[in-house]
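A closer look at the structure
Here's the letter readout for the chains.
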Amino acid sequence: MPTKYEPKQAEAKWYPFWRDNGYFKAERNKGKTPFTIVIPPPNVTGNLHIGHALNNTLQDIMVRFKRMQGYDALWLPGMDHAGIATQARVEGTLREEGITRHDLGREKFVEKVWEWKERYAGIIREQWTKMGLSLDYSRERFTLDEGLSRAVREVFVRLYEKGLIYRGKYIINWDPVTRTALSDIEVEYKDVQGALYHLRYPLKDGTGYIEVATTRPETMLGDTAVAVHPEDERYKDLVGKTVVLPIVGREIPIVADDYVDREFGSGAVKITPAHDPNDFEIGQRHNLPQILVMDEGGKMNENAAGYQGQDRFECRKNIVRDLQEQGVLFKIEEHMHSVGHSERSGAVVEPYLSTQWFVKMGPLAERAIEAQKSREGVQFVPDRFEKIYLHWIENVRDWCISRQLWWGHRIPAWYCEDCGEMTVSREDIHECPKCASQNLKQDNDVLDTWFSSALWPFSTLGWPDETEDMKHFYPTDVLVTGYDIIYFWVARMIFTALEFTDQKPFEHVLITGLVRDAEGRKMSKSLGNGVDPMEVIEQYGADAMRFMLATGCTPGNDQRFRWERVEAARNFANKIWNASRFALMNMEGFRYEDIDISQNLGIADKWILHRLNETVKDTTRLLDSFEYGEVGRVLYNFVWDELCDWYIEVAKLPLYGDDEAAKKTTRSVLAYVLDQTMRLLHPFMPFISEEIWQHLPHEGDSLIVASWPEAKPELENTEAVKQMELLMGVIRSVRNIRAEVNVPIAKKIELRIKANDEEMLSYLESGKAYIERFCNPEVLSIGTDIAAPEKAMSAVVSGAELYLPLAGLIDIEQEIARLEKELKWLNSEVERVQKKLSNKGFVEKAPAQVIEQERAKEADYLDKQAKVKARIQELKG
RNA sequence: GGACUCAUAGCUCAGCUGGUUAGAGCGCUACGUUGACAUCGUAGAGGUCGGCGGUUCGACUCCGUCUGAGUCCA
């Protein structure tokens, strides 16, 4: 074995081994409890980023853990067609060739996108491989594949038939750059420094003006009314009168509506029903005409008087100038306001009157709320995200699901060119059911990508068919995703699942934070601060990256990516490697059948087995409660601080000695502990653990399907812990003193240890070999009646006192100072504990166990205090 | 405006349902190539857990409030 762990070799070897032996494939074994996760399908737009790496690592940890525990574990992979994003990318490549999608036509263009999809799907699978994900590729799905498309149609038609999908002319969020409608949550609001323009609209009867204010003056071209509050005394007499719209010359009414805020601006507002959601509603109430003044690209249209053809922002400048010249615009104020931007293109979103398809959310939301509140709800981890979800679903508005794109699920609605009938159908139709005309045209729009993602947990398992997979694996157990898509995805999966499967789609939702850059900034293409997970794996190995990501955060919180942390994880892997290497070098010819940890155990053997047992308990408990950061710490400390720093060091004694029985015991313990430790590490670090496990004496073909360790009561041994702690205390004290007076370990010293009592004495006696090994004494005397030498360094540990008569090396004054510092600390501890114990409230109310602990501490501190005090006296005397 | 998160060692962060001598990694100091590992070992320095108030026998942990940083929603 090489002295360093080589990730690349292990990774190249084990992934194909696992995959090709079918270990990733769920059995659909009715005798086993299923454990199901469906992967959040990455977009086929490009490479996976470090956020995917985090998200996927956590899922792989769960699945590997459950698989080892004997569950029928399924982790179902798949990808998302990502409508706008993918179409935009492909259009981008076309642009480089100087053509547009319109040059190609719909069919050809969609073919191009499929080619793109195939290419990126391959890249993504390669990246999953590199990360070591145990995905069941036999069940891989794509949101646009045949089965899922069928599910989408089924859902669409059923909702339509239930009256929960409708088509209508409403104000929606329009992205003039990608020329499509957006849903509410695809709009990002940003505070922008703009202006409030104050206008005076003249009354038709020539008796004066009415003042209105707007942040978008170009929309005045589409004004069809001015509204005031019905109880506003200032305008009481004006309601019902007519104003003449400047520039356009249109005569428009002054109407009264409750919506108007009397406090804002002049208390009168211009109404543009085709370009503002609130104005739209007022317009409906007052039967106002809806006049669109822009086209789909954000340019002014034929209704825009002389501004036709101008871009909306250019028009704004010109119209401001013109209105100023006419004296209509009399004041411009600076004004901070929130402006919607397209989440995809970044364009300023235009509220735009348009015919679109919508999902009526009321009944669906109601059911979701009811389910969540009835304790049958989805468990959010951490639970604070439940509130965020509930707040959204309680205030949700109808969902605009049509998109003016070509890449996606085309809306299954056909219009008869002859009789005008619209037909919604599961199957493609070629004849109008009303007039039998063959002159049909399918709706041009496609569905919002999230419409298909919303069905992901069950559509991937075969729904709407009652497949065996659906019966066995649904509902799923855990969904892992970021807080940024709770509304987009999590919420929508929940209400669609309830509607169509009568069950929640998953038991738990584990919410992760974002992986930010080292400075805490969001990773983004424009900043160029993204970290490529493949780069991390290339440099440090997949296991190091996985360990770092999984243990670097608490659920729901962001984490910063720091290379030092990857390096630390890599060093940990190397530590594991070398500990195993040591064991294996001393295990020549030792077989699995030779392992016997039932007899002849020494203190350290019992101790490490006890500690392993505790680690098994902790790891299992923490994995079950999604506390991966804590698991990481538990395993790191066990391996590094206990197994490597102590057990292996101690094990060298028998291994390099010639007591064959002791040697066999030590080998057994090492083999056993390492075997179990590799199992515990496997979900986090699958490659190195498998590599080592295969070298170790083992039973079975692969660690990936080895059984998960279980705590064994017979390995508990608190006595051994006490003994080991005494010995470690002694050894640490001696090392400390050696460092203090600069006596290297190689130099022999005299060591006298005075045990408090017979019990401590027996502990020390049975650990004498350890003390000799680590303290390198020339003379070692242990007893209950050891006399303190006159000139010596000393230390107290719980249960014993030690002296190092280091002739000639001791500066008495310095030693007194050192002990006095120690005494000072002990005094304060004694004071603290005694204060607590003399507090009546504490003794009366605290649990007995806590009081017991405090009493034990008091005794220990008092003992040490007395000894240190006495020692100082001796030295002074 | 509403909701939430964060504030703990020089830096980045843990600390689960209140009882620990408040931890880790990196960095820092001194020493060290003893037959797993310098991607290492040994020892050490470094924190009044953001401020104030409250609940409690007991608060880093619970509640209120203020300050600062950030996120989501309107």
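Residues numbered from 1 in each chain as written. Chains lettered and ligands numbered in written order. Predicted model: local features only at pLDDT ≥ 70, side-chain atom pairs only at ≥ 80, totals over all residues. Heavy atoms only, no water.

A few words on the overall build of chain A. Counting its secondary structure elements, chain A contains 27 helices and 29 strands. A compact globule built from 877 residues would reach a C-alpha radius of gyration of about 29 Å, whereas chain A, at 37 Å, exceeds it by more than 25%. Along the first, second and third principal axes, the C-alpha atoms of chain A reach 115 × 60 × 55 Å. Counting only residues that meet the buried cut, chain A has 55% of its 877 residues in that class. Expressed as a percentage of contacts within chain A between residues at least 6 apart in sequence, the contacts between residues at least 24 apart total 77%. For chain A, the computed accessible surface area is about 39000 Å², with 46% contributed by carbon and sulfur atoms. (Helix = DSSP H or I, 4+ residues; strand = E, 2+ residues; numbered from the N terminus. Rg over C-alpha atoms; globule rule 2.2 N^0.38 Å. Buried < 20%, exposed > 50% of the residue type's maximum accessible area, 1.4 Å probe, protein only. Contact = heavy atoms within 4.5 Å. Areas by Shrake-Rupley, 256 points an atom, 1.4 Å probe, with all protein chains shown as cover.)

Moving on, we come to the protein's contact with RNA strand B. By nearness alone, 49 residues border RNA strand B, and R581, R633, W640, Y656 and K845 come closest of all. Among atoms of RNA strand B positioned within 4 Å of the protein, sugar and phosphate together represent 67%. Taking N574, its side chain carries an N or O atom lying 3.1 Å from a sugar or linking oxygen of RNA strand B. In the model, a base nitrogen of RNA strand B is placed 2.8 Å from a nitrogen or oxygen of the E649 side chain. Those elements that place two or more of their residues in the surface near RNA strand B are α10 (384–394), α17 (563–585), α19 (628–656), α22 (718–740), α25 (812–837), α26 (840–845) and α27 (848–876). (Near = heavy atom within 4 Å. Polar contact = N/O pair within 3.5 Å; in protein donor to acceptor, adjacent residues only side chain to side chain.)

To continue, consider the confidence of the model for chain A. Per-residue pLDDT for chain A has a mean of 91; in total, 100% of the residues score no lower than 70. Reported confidences for the modelled complex are a pTM of 0.90 and an ipTM of 0.95. (pLDDT = per-residue confidence, 0-100.)

In this section: the packing of helix α20 (residues 660–681) against helix α21 (residues 686–695). At a minimum axis separation of 9 Å, α20 and α21 run at an interaxial angle of 155°. Here α21 runs roughly antiparallel to α20, going by the angle between their axes. Helix-helix and strand crossings are classified by hand; for α20 and α21 the assignment is left-handed. Where α20 approaches α21, its residues D675, M678 and R679 are matched on the opposing element by S689, I692 and W693. Looking at the contact of α20 with α21 residue by residue, the classes come out as three nonpolar, one polar and two charged. (Axes fitted to C-alpha atoms, helices over the stretch in contact; angles between N-to-C directions. Parallel < 35°, antiparallel > 145°, perpendicular 65-115°, else oblique. Left-handed = near helix turned anticlockwise from the far one by under 90°. Nonpolar A, V, L, I, M, F, W, Y, C, P; charged D, E, K, R; others polar.)

This part takes up a negative patch on the surface. Negative charge collects at one region of the surface, where E719, D757, E758 and E759 lie side by side. Position of D757 relative to the elements: it lies in the loop between β26 (749–755) and α23 (758–766). The exposure class of D757 is partly exposed, given its relative accessible area of 32%. (Patch = residues over 30% accessible without salt bridge, like charges linked within 9 Å, V, L, I, M, F, W, Y side chains within 5 Å. Salt bridge = Lys/Arg side-chain N within 4 Å of Asp/Glu carboxyl O. Lys, Arg positive; Asp, Glu negative; His and termini not counted. Charge placed at Lys NZ, Arg CZ, Asp CG, Glu CD.)

A sheet is described by the order of its strands in space; here three strands give the open sequence β15-β23-β22, paired in parallel fashion. One side of each edge strand has no neighbouring strand; the edge strands of this open sheet are β15 (379–381) and β22 (476–482). Averaged over all adjacent pairs, the angle separating strand axes in this sheet is 20°, with direction ignored. Relative to strand β23 (residues 506–512), β15 is paired through three bridges, and the arrangement is parallel. Each residue of the ladder has a partner; that of F380, found in β23, is V509. (Pairing = 2+ DSSP bridges.)

Right, let's talk about unusual backbone geometry for a bit. At the junction of V381 and P382, the peptide bond is cis and its omega measures out at -5° in the coordinates. Structurally, the position occupied by P382 is in the loop between β15 and α10. The amide bond that connects Y474 to the next residue, P475, takes the cis arrangement and shows omega of -5°. Residue placement: P475 occurs in the loop between α13 (468–473) and β22. The phi angle at R28 is positive, at roughly 55°, despite the residue not being glycine. Assignment of secondary structure puts R28 in the loop between α1 (7–20) and β1 (34–38). A positive phi angle is found at A82, which is not glycine, with a value near 50°. Within the secondary structure, A82 is located in the loop between β3 (78–79) and α3 (83–96).

Spatial ordering of the open sheet is given by β19-β18-β20, a layout of three strands whose pairing is antiparallel. Every other strand in the sheet has two partners, leaving β19 (422–424) and β20 (440–442) as the edge strands with one partner each. The average undirected angle you get between the axes of adjacent strands in this sheet is 25°. The pairing of strand β18 (residues 413–416) with β20 spans three bridges and is antiparallel. When the sheet's bridge partners are listed, C416 is paired in β20 with L440. Contacting β18, β19 and β20, helix α6 (residues 146–161) runs over the sheet at an angle of about 125° to β19.

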